[in-house]
Amino acid sequence: MEDTNSLIEFRRQKLNELIDKGMNPFRNKFTPDETCAEAKAQYAEGRTVKLAGRISAQRVMGKSQFLDIKDGSGRIQIYAQKQHLGDEAFQLLKSMDMADFIGVEGSMFTTKMGEISIKIDSFVVLCKALRPPPEKWHGLEDTEIRYRQRYLDLMANDEVKDVFIKRSQIIREIRNYLHDQAYMEVETPMMQSIPGGAAAQPFVTFHNALGCQFYMRIALELYLKRLLVGGMDRVFEIGRNFRNEGISRRHNPEFTMLEAYQAYGDYESMMELVQGMITHVAQKVLGTLIIEHKNKDGEVTRTIDLTTPWRRVPYKDLIREKAGEDWFDLTPEERKKKAIELGAEIHETDEDFEVSNAIFEKFIEPNLIQPTFVTHLPKELVPLAKLSPDDDSTVEVFECCINGQEIAPAYTEQNDPVQQRERLEHQAGEEQQKLDEDFLVALEHGMPPAGGMGMGIDRLCMMLLGQESIRDVLLFPQMKPKLKVQPPSEENDGSKSDTGKAPSSSEASES
């Protein structure tokens, strides 16, 4: 900390020197003619260019100096000669610090080492950085800094920036695919009077103008179905959901969701949509259907093949494969006992369908690495779906599992308002105030047969981009705020935080 403070003070002195010389160290505007990458791609000996970027390397060699500058497209080398640039400008360039922004004009040439470079005729200071870059400028590894100060991560790690560039491209191609399939993008409320469409703990807020409590949405579903009632036959939305629940490698309380609904379709229509969309995105963004996940040493640990057609298998068949062919012939008590013997985490209050699902979540889903449509789930798990005609204990549903996690659930939508009310009332139990009466009234006006699906954009990006933690595909993941450390005093001897207690082990692990 002391070293950092002295470096900051030294940079502030340089800032004041620039101001004393009548220079503006924070210019309003500079318009480069092209990016660093474009300059390299259009290389021609002696061609004049005008570029801008952040200084990422600096090497002084007597009366000449080399610098690297980086912009959003990449890096290019700058070469300056004292004789050519002039004494004053040369010294000013020499005094520039790592992470400062400069604009340059000059001509292109190739060094003896074969590197495309710019011999500058002039330069201007665009922004004086008052803090030094990370110690490991080329490869910041401290995850605490990487997540809390993502801008430093992006500055230091080109591969991290590439992940987020590709995430943007993935979302763009999802939109392109859906538009080509005649889907219309819409926007629905993020603050809702009833948190519906999923079973999750909501975040609560208060609407001052209306004088009442609202909830941040936990799903997009119920408003999008209202649009089917209104005559919009193909709709989709990409938006944030908020669930006030745990944080893990695969869960973040604020996440991005895609939901799409097609009138006159069903769960099989959604299978074709999901399969077609993911393969389209992979080909457009990555140029391949073979996805490799690697460890820190660059060794391939997992290969995912998105080549179609994808496997389709009923939920019950997967349960039987793991728990025995007679699983669904056992009594509920026998199933619970056997699940415990297998090593599943079972609670006394678990209902029978939850026991089977514990088997699925612990032993089956984590091993579904290749794309798999798990179909016909128990009706209790998905109260908004239509019953299967040949088995009324299940619903016409699939969960698309890839890389050991659910990527996209979808189903044939329930459009019978009487059945829908019964199943939502059963799900709500004694908390009848959580019933979305407006949605049920909308269904009574008539909703066409439809297929609907949801897709977790963050998990899709994890799978496609070879990332094992959801935080690595979120620019700014939620983290516990840092506790301010107060100096010891009579009231505070330094043994406690400013909250009056030491952080728990769980708090420490979150951050």
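Residues numbered from 1 in each chain as written. Predicted model: local features only at pLDDT ≥ 70, side-chain atom pairs only at ≥ 80, totals over all residues. Heavy atoms only, no water.

Asker: Whenever I open this one, the overall build of the chain confuses me. Can you help?
Answerer: Check the secondary structure of the chain and you find 16 helices and 20 strands. For the chain, the spread of C-alpha atoms along the three principal axes comes to 90 × 65 × 50 Å. Counting every position in the chain, which comprises 511 residues, the buried fraction comes to 46%. For the chain, the accessible area works out to roughly 26,600 Å², and carbon and sulfur atoms hold 49% of it. Measuring between centres, the 63 positive side-chain charges of the chain sit 8 Å from its 85 negative side-chain charges. (Helix = DSSP H or I, 4+ residues; strand = E, 2+ residues; numbered from the N terminus. Buried < 20%, exposed > 50% of the residue type's maximum accessible area, 1.4 Å probe, protein only. Areas by Shrake-Rupley, 256 points an atom, 1.4 Å probe, with all protein chains shown as cover. Lys, Arg positive; Asp, Glu negative; His and termini not counted. Charge placed at Lys NZ, Arg CZ, Asp CG, Glu CD.)

Asker: Any chance you could explain the packing of helix 9 (residues 267-286) against helix 15 (residues 457-465) here in plain terms?
Answerer: Between helix 9 and helix 15, the shortest axis-to-axis distance is 12 Å and the interhelical angle comes to 50°. Comparing the axis directions of helix 9 and helix 15 gives the class oblique. Crossing angle aside, the handedness with which helix 9 passes helix 15 is right-handed. Residues Ile278, Val281, Ala282 and Leu286 of helix 9 form the contact with helix 15, whose participating residues are Leu460, Met463, Leu464 and Leu465. When grouped by side-chain class, the residues that make up the contact of helix 9 with helix 15 number 8 nonpolar, no polar and no charged. (Axes fitted to C-alpha atoms, helices over the stretch in contact; angles between N-to-C directions. Parallel < 35°, antiparallel > 145°, perpendicular 65-115°, else oblique. Left-handed = near helix turned anticlockwise from the far one by under 90°. Contact = heavy atoms within 4.5 Å. Nonpolar A, V, L, I, M, F, W, Y, C, P; charged D, E, K, R; others polar.)

Asker: I'm lost on the pattern of salt bridges in this one. Help?
Answerer: Under the criterion given, the structure shown has 31 salt bridges. The salt bridge involving Arg75 is made with Glu115; its shortest N-O contact spans 3.0 Å. In this pair, Arg75 is assigned in strand 3 (residues 74-81) and Glu115 in the loop between strand 4 (101-110) and strand 5 (116-127), connecting sequence segments 40 residues apart. Since its relative accessible area comes to 31%, Arg75 is described here as partly exposed. Among the salt bridges present, the one from Asp472 reaches Arg146, with a minimum N-O distance of 3.6 Å. In this pair, Asp472 sits in the loop between helix 15 and helix 16 (505-510) while Arg146 sits in helix 5 (residues 143-148), placing the two residues 326 residues apart along the sequence. Neither residue differs from the other here; Asp472 and Arg146 are each classed as buried. In the salt-bridge network here, residues are joined through shared partners; they are Arg11, Lys14, Asp97, Asp100 and Lys128. (Salt bridge = Lys/Arg side-chain N within 4 Å of Asp/Glu carboxyl O.)

Asker: Would you mind showing me how to read the packing of aromatic side chains here?
Answerer: To describe a pair of aromatic rings, you give the distance between the ring centres and the angle between the ring planes. All told, the structure shown has 5 aromatic pairs when counted by the stated rule. The structure contains a cluster of three or more aromatic residues connected by ring pairs, namely Phe66, Tyr79 and Phe109. Its end group placed over the ring of Phe30, Lys50 keeps NZ or CZ at 4.9 Å from the ring centre. Sitting above the plane of the Phe363 ring, Lys322 keeps its charged end 4.9 Å from the centroid. (Phe/Tyr/Trp six-rings, centres within 6.5 Å; stacked < 30°, edge-to-face > 60°. Lys NZ or Arg CZ within 6 Å of the ring centre and 35° of its normal.)

Asker: Sorry if this is basic, but what is going on with the confidence of the model for the chain here?
Answerer: Detailed reading of the predicted coordinates is not advisable wherever pLDDT is low. Summarising the model, the chain shows a mean pLDDT of 91, and 92% of its residues fall at 70 or more. Taken together, the stretch residues 487-511 has pLDDT below 50 and engages in 17 contacts with residues farther than four places along the chain or on a different chain. (pLDDT = per-residue confidence, 0-100.)

Asker: What's the story with the side chain of Asp97 in this structure? I'm lost.
Answerer: Secondary-structure assignment places Asp97 in the loop between helix 4 (87-94) and strand 4. Within polar-contact distance, the side chain of Asp97 engages the side chain of Lys14 at 2.8 Å. Excluding its chain neighbours within four sequence positions, the residues that come into contact with Asp97 are Arg11, Lys14, Ile55, Gln58 and Lys128. (Polar contact = N/O pair within 3.5 Å; in protein donor to acceptor, adjacent residues only side chain to side chain.)

Asker: I would appreciate a short explanation of the sheet that holds strand 9 (residues 212-216) in the present structure.
Answerer: The strands making up a sheet associate through hydrogen bonds between their backbones, and the pairing can be parallel or antiparallel. With antiparallel pairing, the 3 strands of this open sheet are ordered in space as 7-9-8. Where the open sheet ends on each side, the last strands, each with one partner, are strand 7 (191-192) and strand 8 (204-207). Alignment of strand 7 against strand 9, held across 2 bridges, turns out to be antiparallel. Within strand 9, the position partnered with Gln192 by the bridge is Tyr215. (Pairing = 2+ DSSP bridges.)

Asker: Teacher, can you tell me more about unusual backbone geometry here?
Answerer: Peptide bonds are trans in most cases, and residues, glycine excluded, mostly fall at negative phi. For the peptide bond that leads from Thr308 to Pro309, omega is 0°, which places it in the cis range. Structurally, Pro309 is set in the loop between strand 13 (300-305) and strand 14 (311-314). With a phi close to 70°, Tyr264 is a non-glycine residue in the positive phi region. Mapping Tyr264 onto the fold places it in the loop between strand 11 (254-263) and helix 9.

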